[in-house]
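Residue strings, one per chain:
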Amino acid sequence: MGIGNNIRKLRLRAGLTQEGLAARIGVTPSAVGNYERCVSFPKEEVLMALFGALDCTPNELLGGVEDEHMRKYRELDSLGRERVDRCTENELARCRQENNDEDTVLIAARDGGAPREITLKRRGEKTIFDVPTYRGGR
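First things first, this report covers the structure right here in the doc. Note that the structure is a prediction, hence the values are computed from the model and not measured.

Each value, and the rule that gives it
Counting restarts for each chain: residues are numbered from 1 in the order of the written sequence. Given that this is a predicted model, residues contribute local features only at a pLDDT of at least 70 and side-chain atom pairs are listed and counted only at 80 or more, while totals for whole chains, interfaces and linings are drawn from all residues. Side-chain measures here rest on the full set of heavy atoms in the structure, leaving out hydrogens and waters. Three exposure classes are used, based on accessible area relative to the maximum for each residue type with a 1.4 Å probe and protein chains only: buried under 20%, partly exposed in between, and exposed over 50%. Secondary structure elements follow DSSP: runs of H or I of four or more residues count as helices, runs of E of two or more count as strands, with numbering from the N terminus. In what follows, residue pairs with any heavy atoms lying within 4.5 Å of each other are defined as contacts. To get an axis, a line is fitted to the C-alpha atoms, and for a helix only the part in contact is used. The angle between two axes follows their N-to-C directions and goes from 0 to 180 degrees. Orientation is classified from the angle alone, with under 35 degrees giving roughly parallel, over 145 giving roughly antiparallel, 65 to 115 giving roughly perpendicular, and any other angle giving oblique. Three categories are distinguished: nonpolar for Ala, Val, Leu, Ile, Met, Phe, Trp, Tyr, Cys and Pro, charged for Asp, Glu, Lys and Arg, and polar for the others, with Gly belonging to the last. For our purposes a nonpolar core is just a set of buried Ala, Val, Leu, Ile, Met, Phe, Trp, Tyr and Cys residues, chained together by side-chain atoms within 4.5 Å. Within 3.5 Å is the distance limit for a polar contact, defined as a pair of N or O atoms, with the added protein rule that one can donate a hydrogen and the other accept it, and that residues adjacent in sequence qualify only through two side-chain atoms. A side-chain nitrogen of Lys or Arg and a carboxyl oxygen of Asp or Glu constitute a salt bridge if their distance falls within 4 Å.

**Quick notes on helix α3 (residues 29–36)**
Listed as buried for α3 are Ala31, Val32, Gly33, Tyr35 and Glu36. Buried positions along α3 lie against α1 (3–13), α2 (18–25) and α4 (44–53). Cysteine 38 lies just past α3 and shows a positive phi near 60°.

**Remarks on the packing of α2 against α3**
Taken N-terminus to C-terminus, the directions of α2 and α3 make an angle of 105°; their axes are 8 Å apart at the nearest point. Looking at the two axes, α2 sits roughly perpendicular to α3. Residues Gln18, Glu19, Leu21, Ala22 and Ile25 of α2 pack against Pro29, Val32, Gly33 and Glu36 of α3. Of the residues in the contact of α2 with α3, the class split is five nonpolar, two polar and two charged.

**Some points on the side chain of glutamate 36**
Residue placement: glutamate 36 occurs in helix α3. Take glutamate 36: its relative accessible area is 10%, and that puts it in the buried class. Setting aside its immediate chain neighbours within four residues, glutamate 36 contacts Gly4, Asn5, Ile7, Arg8, Arg11 and Gln18.

**Some points on the nonpolar core**
In this structure, Ile7, Leu21, Ile25, Val27, Leu50, Leu54 and Leu61 are the most contacted members of the largest nonpolar core, which totals 19 residues. For this core, the secondary structure elements donating two or more residues are α1, α2, α3 and α4. Excluding its chain neighbours within four sequence positions, the residues that come into contact with leucine 61 are Ile3, Asn6, Ile7, Leu10, Leu47, Leu50, Phe51, Leu54 and Cys56.

**Focus: the side chain of glutamate 60**
Locating glutamate 60 in the fold gives a position in helix α5 (residues 58–62). Looking at glutamate 60, its side chain comes within polar contact range of the main-chain nitrogen of threonine 57, at 3.0 Å.

**Examining the pattern of salt bridges**
Between side chains of opposite charge, a pair can form as their charged atoms come close. Counted according to the given criterion, the structure contains six salt bridges. Among the salt bridges present, the one from arginine 11 reaches glutamate 36, with a minimum N-O distance of 2.5 Å. Pair noted here: arginine 11 is in helix α1 and glutamate 36 is in helix α3, with a separation of 25 residues, a long-range link. Both residues of the pair, arginine 11 and glutamate 36, belong to the buried class. Glutamate 82 serves as the salt-bridge partner of arginine 86, at 2.9 Å between the closest nitrogen and oxygen. Separated by four residues within a single helix, arginine 86 and glutamate 82 lie in helix α7 (residues 78–98), roughly one turn from each other. Classification of arginine 86 as partly exposed rests on a relative accessible area of 33%. Through salt bridges with shared partners, a single ionic network connects Arg13, Asp55, Glu60 and Arg74.

As structure tokens, this is what we get:
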């Protein structure tokens, strides 16, 4: 299945007309029709807009095989995705700690995004925190 068929399938899944999709991605309805019929191929900036407008991954749009876990993740609501993201970050930190000579602790503080990893480096009897520089401000 080519990108044209994928655009059409994803557009219909999103409940959009060609006109509605065109308005969301900043092209004409005839351009959407041309993409769907494989008369033309979307430029890079249009591709990026299509991912958001169609709520899809590059693999879905470009014809790759989507991993079963990613398919399930995409079906979650925002709370479910946030919980999976937190769990993934915690497990990633745990795996990094097991494969690292340093002690790594995942701090539950947030800086506008995911929890941040802070590394405790041991030097003799002292423990030194390797903390990223704070660039925000309130």
